[in-house]
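# Examining the three-dimensional arrangement
Listed below are the residues making up each chain.
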Amino acid sequence: MENLREILNNLSETDYIEGKVNLHIHTSCSDGVGDYNQIISAAKEKGYKYIAITDHNTVEAHKHIQDDILITGVEFDCWFGYVFIHLLAYGIDINNEKLQPFLAKNKAETEGVLIRLLPKRNVKKLIEAIHEAGGIAVLAHPACYWALSLDKLVNNLIKIGLDGIETYYPYPRFRKYVRFHSANDVIKVANRYTQLIKTGGTDFHGKTF
């Protein structure tokens with residue numbers, strides 16, 4: 001998708017809150033239960049501007065579907081120092097050679113929480129690969145991370161190429177209770193680092209979109 005950075009920068013908080021954009025969606029290709037074709041159809045029926053399928057460590061869904069409202073995406077599981085983070089990649093060329101080593105080798109690496117904790121992806125090299133693939137690297141659901149300082153975590157990621165931060169996120173399911181920072185903390189950090197693109201999504205894992 002051309003000019004993705006410009007598109008994302010032009011989206012507003014209202015677009016995310018009112019359900020016109022959702023850039024964090026999982027399907028049955030990872031640990032979600034929804035069918036990607038049905039999700040896209042439902043999103044179009046509901047008048048969404050853009051959605052992104054961001055399955056864990058896999059771009060399998062994007063091998064089978066393309067649509068004007070669909071942004072290519074993937075959510076990578078990574079260790080950044082002592083902090084386990086999720087890094088979203090948007091607008092990537094799914095066939096890019098530099099990106100392939102970071103993708104799951106089997107289905108278990110896309111859905112099993114404990115198994116997903118094991119891979120040792122180098123975050124700096126991953127961000128470089130995302131950029132090589134024409135993509136944008138965004139920190140997912142920042143309030144969830146057990147970092148002593150969210151500001152320091154984000155600042156250190158910016159130093160190695162972070163492009164954006166998931167700012168408009170409802171913290172559903174267990175993350176409503178298990179988080180180290182508040183949603184307001186995330187907004188403050190996002191506003192402090194004005195060079196970061198602000199994105200949002202619901203972390204959808206369901207069947208009916």
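Residues numbered from 1 in each chain as written. Predicted model: local features only at pLDDT ≥ 70, side-chain atom pairs only at ≥ 80, totals over all residues. Heavy atoms only, no water.

To continue, consider the overall build of the chain. Each helix and strand in the chain was counted, giving eight helices and seven strands. In terms of overall size, the chain behaves like a compact globule, its C-alpha atoms giving a radius of gyration of 16 Å where 209 residues would be expected to give roughly 17 Å. Out of the 209 residues belonging to the chain, those deemed buried represent 53%. Across the chain, the fraction of contacts at a sequence separation of at least 24, relative to all contacts at a separation of at least 6, is 72%. Carbon and sulfur atoms provide 51% of the accessible area of the chain, an area that totals close to 9,900 Å². Looking at the chain, you have 24 positive and 25 negative side-chain charges, and the mean spots of the two groups are 7 Å apart. (Helix = DSSP H or I, 4+ residues; strand = E, 2+ residues; numbered from the N terminus. Rg over C-alpha atoms; globule rule 2.2 N^0.38 Å. Buried < 20%, exposed > 50% of the residue type's maximum accessible area, 1.4 Å probe, protein only. Contact = heavy atoms within 4.5 Å. Areas by Shrake-Rupley, 256 points an atom, 1.4 Å probe, with all protein chains shown as cover. Lys, Arg positive; Asp, Glu negative; His and termini not counted. Charge placed at Lys NZ, Arg CZ, Asp CG, Glu CD.)

To continue, consider the side chain of Thr167. Tracing the sequence through the fold places Thr167 in strand E6 (residues 164-168). Leave out the neighbours within four places in its chain, and Thr167 touches Val186, Ile187, Ala190, Lys198 and Thr199.

Let us now look at the side chain of His86. Considering the arrangement of structural elements, one finds His86 in strand E4 (residues 83-90). Within the structure, His86 has its side chain in polar contact with the side chain of Asp77 (distance 2.9 Å). A polar side-chain atom of His86 sits 3.1 Å from a polar atom in the side chain of His141. (Polar contact = N/O pair within 3.5 Å; in protein donor to acceptor, adjacent residues only side chain to side chain.)

Relative orientation of the contacting elements helix H7 (residues 150-159) and helix H8 (residues 183-192) amounts to 40°, with a least axis distance of 10 Å. Taken together, the axis directions place H7 and H8 in an arrangement best described as oblique. In the packing of H7 onto H8, the handedness of the crossing is right-handed. Across from Leu150, Asp151 and Val154 in H7, the residues of H8 making contact are Asp185, Val186, Val189 and Arg192. Of the residues contributing to the contact of H7 with H8, the split by class is four nonpolar, no polar and three charged. (Axes fitted to C-alpha atoms, helices over the stretch in contact; angles between N-to-C directions. Parallel < 35°, antiparallel > 145°, perpendicular 65-115°, else oblique. Left-handed = near helix turned anticlockwise from the far one by under 90°. Nonpolar A, V, L, I, M, F, W, Y, C, P; charged D, E, K, R; others polar.)

Across the sheet, seven strands lie side by side as E1-E2-E3-E4-E5-E6-E7; this open sheet has mixed pairing. The open sheet has two edge strands with one neighbour each: strand E1 (21-25) and strand E7 (197-200). Taking each pair of neighbouring strands and ignoring which way they run, the sheet shows an average axis angle of 35°. The pairing of E1 with strand E2 (residues 50-53) spans three bridges and is parallel. For Ile25, the partnering residue across the bridge sits in E2 and is Ile53. Helix-sheet contacts for H7 involve strand E3 (70-80), E4, strand E5 (136-139) and E6, and the interaxial angle to E3 is about 110°. (Pairing = 2+ DSSP bridges.)

These figures come from the coordinates and say nothing about function on their own.
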